[in-house]
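Chain by chain, the residues:
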Amino acid sequence: MGYCPLARVKRFGKTKVAEIAKELKVSEAQLAIRWSVQKGYITIPKSSNEKRIVENANIFSFSIPHEHMEALDAADEGFKASGSVNNMKLSWSDVQ
């Protein structure tokens with residue numbers, strides 16, 4: 001599951017994502033969400049901005065070519081937008 005899948009946009013404009021999004025003529029948010037969908041990940045982007053909500057939902061009009069998927073897969077920086085993701089590594093038996 002994608003928790004904070006857009007990393008609170010803290011890395012937008014600073015990574016390979018920006019370059020690929022520009023080439024595909026989509027926003028970085030759309031590219032990140034579409035990447036999640038193509039990988040089979042459940043992702044729930046959050047926004048209170050109506051324009052961004054509509055944009056985030058418009059990810060089925062394009063697909064990411066294989067070579068770009070590979071580039072995005074390799075672009076992982078290990079960045080965590082929230083410290084709470086560290087707790088996601090706990091097993092359910094440790095939580096209960």
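Residues numbered from 1 in each chain as written. Predicted model: local features only at pLDDT ≥ 70, side-chain atom pairs only at ≥ 80, totals over all residues. Heavy atoms only, no water.

Some points on the overall build of the chain
Inference 1: Helix and strand counts for the chain come out as five helices and zero strands.
Inference 2: Looking at the chain as a whole, 28% of its 96 residues are labelled buried.
Inference 3: Sequence separation of 24 or more characterises 69% of the internal contacts of the chain that already satisfy a separation of 6 or more.
Inference 4: Accessible area of the chain: about 6900 Å², with a carbon and sulfur share of 54%. (Helix = DSSP H or I, 4+ residues; strand = E, 2+ residues; numbered from the N terminus. Buried < 20%, exposed > 50% of the residue type's maximum accessible area, 1.4 Å probe, protein only. Contact = heavy atoms within 4.5 Å. Areas by Shrake-Rupley, 256 points an atom, 1.4 Å probe, with all protein chains shown as cover.)

What to know about the packing of helix 1 (residues 16-24) against helix 4 (residues 66-74)
Inference 1: Their axes nearest at 10 Å, the elements helix 1 and helix 4 cross at an angle of 160°. Taken together, the axes of helix 1 and helix 4 lie roughly antiparallel to each other. Between helix 1 and helix 4 lies a crossing of left-handed hand. Note on element contacts: helix 4 touches helix 1 through H68, A71 and L72, opposite K16, V17, I20, E23 and L24.
Inference 2: Per-class residue counts for the contact of helix 1 with helix 4 are five nonpolar, one polar and two charged. (Axes fitted to C-alpha atoms, helices over the stretch in contact; angles between N-to-C directions. Parallel < 35°, antiparallel > 145°, perpendicular 65-115°, else oblique. Left-handed = near helix turned anticlockwise from the far one by under 90°. Nonpolar A, V, L, I, M, F, W, Y, C, P; charged D, E, K, R; others polar.)

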